[in-house]
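Descriptive analysis of the structure
In case you want the letters, here they are:
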Amino acid sequence: MGMTRREFSLSGTVSIFGLMTGVPPIDFRTRASGENNFDLMKEVNKYRKIDAYATSNMTLDQIKDQIDFADRLSIEKMFVGMPMLPIKATPEEFRSINDKVIKGVKAYPDRLVGEFTINPTYKKEAIDEINRCVDNGLVGTRLYNQVKISDPLYEPIIEKLSALKMIVFMHGECQLGVGGYRMKYDAGKLTSTSTPEDFVAAAKKFPDANFQFAHIGGGGDWECMCKTFEHTPNIYVDTGGSNNEENMIDFALKYLGEDRLFFGTDNSYYQSVGKVLASNLNEGQKRKLFFDNYNALLKKGGFGVN
């Protein structure tokens, strides 16, 4: 049977696209009819996953919803902290936040692993809080923008975390800007917000510490982030966030290599899985990103997933 005019046009368009891009043409008529029997969820669930960036308000209702997503997407463990709003983070505030995380994790100890927050402005209280949180089973940080990661105030904190072999996980910003990559603080950002350059300065000062730059898919210039971190091997990134620009994962692989990428969601579950599956990473690289890379660092501190 011959082609209809519409089928001929579609076939021609696909062929031209393949010639221009080097991508083999796809027979969309076969894909649409289901003749290839592709099972997307089977593809999703064949990879073990650790969520290196889960965020929760730690109410039981939200935790149940998050675990429901995790069950559907084969996320075995979620490393979770409370969202840190631009508050002063006094000792009373960060202890209250950490108490909620401790309570939530204890309700689901097989699925959740808790992360704590502190403010290095309060040195004694921050060190005491790290000790208290460790005693209660929390295993890493959820740091925000009260103080730059490169500020000397963070030095005793990073030394403490490095000795515990915990990942120093912190939010940063890298805004798109005309004429260069440098963040524009007049875009409503606090001047104490860490930029990628601040992470590099801290990581070079503490080469034995491991740093996680939060969610390159969370907004901002992910190309700048990856380029800035290229030659600083103790900085890792998680690929979570709701932004799913094409080539993000492949770009991160090019500049950071296959061992420095973590899977994270920041509560954007399907997007965060989909962007990895849609990348050009091979099977081994996807397994590293979804599970092995993060777990390898966790094992150094005795926190690994079996």
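As the structure is a prediction and not an experimental result, all values here were calculated from the model. (Residues numbered from 1 in each chain as written. Predicted model: local features only at pLDDT ≥ 70, side-chain atom pairs only at ≥ 80, totals over all residues. Heavy atoms only, no water.)

Along the chain, the position of Asp198 falls in helix H8 (residues 196–205). Apart from the residues lying within four places of it in its own chain, the contact partners of Asp198 are Lys148, Ile149, Ser150 and Thr193. (Helix = DSSP H or I, 4+ residues; strand = E, 2+ residues; numbered from the N terminus. Contact = heavy atoms within 4.5 Å.)

Below, the discussion takes up the confidence of the model for the protein chain. Per-chain confidence: the protein chain averages 87 in pLDDT, with 83% of residues scoring 70 or above. Of the regions scoring below 50 in pLDDT, residues 1–32 engages in 15 contacts with residues more than four places distant in sequence or in other chains. (pLDDT = per-residue confidence, 0-100.)

A positive phi angle, close to 60°, is found at Lys165, a residue other than glycine. Turning to its location among the elements, Lys165 is positioned in the loop between helix H7 (155–163) and strand E4 (168–170). Unusually for a residue other than glycine, His215 sits at a positive phi of about 35°. Mapping His215 onto the fold places it in the loop between strand E5 (211–213) and helix H9 (222–229). We classify His215 as buried; its relative accessible area is 13%. (Buried < 20%, exposed > 50% of the residue type's maximum accessible area, 1.4 Å probe, protein only.)

A rise of 1.5 Å per residue sets the reference length of helix H12 (residues 283–300), with its 18 residues, at 26 Å; its end C-alpha atoms lie 25 Å apart and thus fit the reference within 8%. At Leu289, H12 shows its strongest bend, of approximately 55°. Looking at H12, one finds that the buried residues are Gln285, Lys286, Leu289, Phe290, Phe291, Asn293, Tyr294, Asn295, Leu297 and Leu298. Where H12 starts, the residue carrying a side-chain oxygen 3.1 Å from the main-chain nitrogen of Gly284 turns out to be Asn282. A positive phi of about 80° marks Gly302, the residue just after H12. (Expected span 1.5 Å × (residues − 1). Bend = angle between axes of the 7 residues up to and from the residue. Polar contact = N/O pair within 3.5 Å; in protein donor to acceptor, adjacent residues only side chain to side chain.)

Attention now goes to the side chain of Thr141. If you trace the backbone, Thr141 turns up in the loop between helix H6 (123–135) and H7. Its relative accessible area of 0% is what places Thr141 among the buried residues. At 2.7 Å, the side chain of Thr141 forms a polar contact with the backbone nitrogen of Phe169. Leave out the neighbours within four places in its chain, and Thr141 touches Glu115, Phe116, Leu161, Ile167, Val168 and Phe169.

Inspection of every chain in the model, using the stated rule, returns 15 salt bridges. For Asp71, the salt bridge is made with Arg111, and the minimal N-O distance between the two is 2.7 Å. Here Asp71, found in helix H4 (residues 60–73), pairs with Arg111, found in the loop between helix H5 (91–107) and strand E3 (112–114); they are 40 residues apart in sequence, far enough to count as distant. Of the charged contacts, one joins Arg287 and Glu283 as a salt bridge, the two residues approaching to 3.6 Å between their closest N and O atoms. (Salt bridge = Lys/Arg side-chain N within 4 Å of Asp/Glu carboxyl O.)

In this section: the packing of H8 against H9. Packing of H8 against H9 leaves a shortest axis separation of 9 Å and a crossing angle of 20°. Accordingly, the angle class assigned to the pair H8 and H9 is roughly parallel. Between H8 and H9 lies a crossing of right-handed hand. Judged by residue contacts, Pro196, Glu197, Phe199 and Val200 of H8 engage Met225, Thr228 and Phe229 from H9. Partitioning the contact of H8 with H9 into residue classes produces five nonpolar, one polar and one charged. (Axes fitted to C-alpha atoms, helices over the stretch in contact; angles between N-to-C directions. Parallel < 35°, antiparallel > 145°, perpendicular 65-115°, else oblique. Left-handed = near helix turned anticlockwise from the far one by under 90°. Nonpolar A, V, L, I, M, F, W, Y, C, P; charged D, E, K, R; others polar.)

Backbone-to-backbone hydrogen bonds pair the strands of a sheet. The strands run either parallel or antiparallel. Strand order in the open sheet made by the three strands is E1-E2-E3, with parallel pairing throughout. Only two strands of the sheet have a single partner each, and these edge strands are strand E1 (49–55) and E3. With direction set aside, neighbouring strand axes in the sheet form an average angle of 25°. Sheet analysis places strand E2 (residues 75–81) next to E3, joined by three bridges and oriented parallel. The residue bridging Phe79 from the neighbouring strand is Val113, located in E3. Relative to the sheet, H12 contacts E1 and E2, its axis offset from that of E1 by approximately 75°. (Pairing = 2+ DSSP bridges.)

Formed by 67 residues in total, the largest nonpolar core has its most connected members in Ile118, Ile149, Tyr154, Phe211, Ile216 and Phe229. Here this core takes seven residues from helix H10 (residues 248–256), the largest share from any one element. Those residues in contact with Ile118, other than ones at most four positions away along the chain, are Phe94, Ala126, Glu129, Ile130, Leu143, Tyr154 and Ile157. Counting 13 residues, the second-largest nonpolar core is a separate cluster that includes Phe79, Ile167, Leu297 and Val305. (Core = buried A, V, L, I, M, F, W, Y, C linked by side-chain atoms within 4.5 Å.)

Another aspect to go through is the sheet that holds E4. Ordered in space as E4-E5-E6-E7, the four strands form an open sheet in which the pairing is parallel. The sheet is open, and its two edges are formed by E4 and strand E7 (261–262), each paired on a single side. Relative to strand E6 (residues 235–238), E5 is paired through three bridges, and the arrangement is parallel. When the sheet's bridge partners are listed, Gln212 is paired in E6 with Tyr236.

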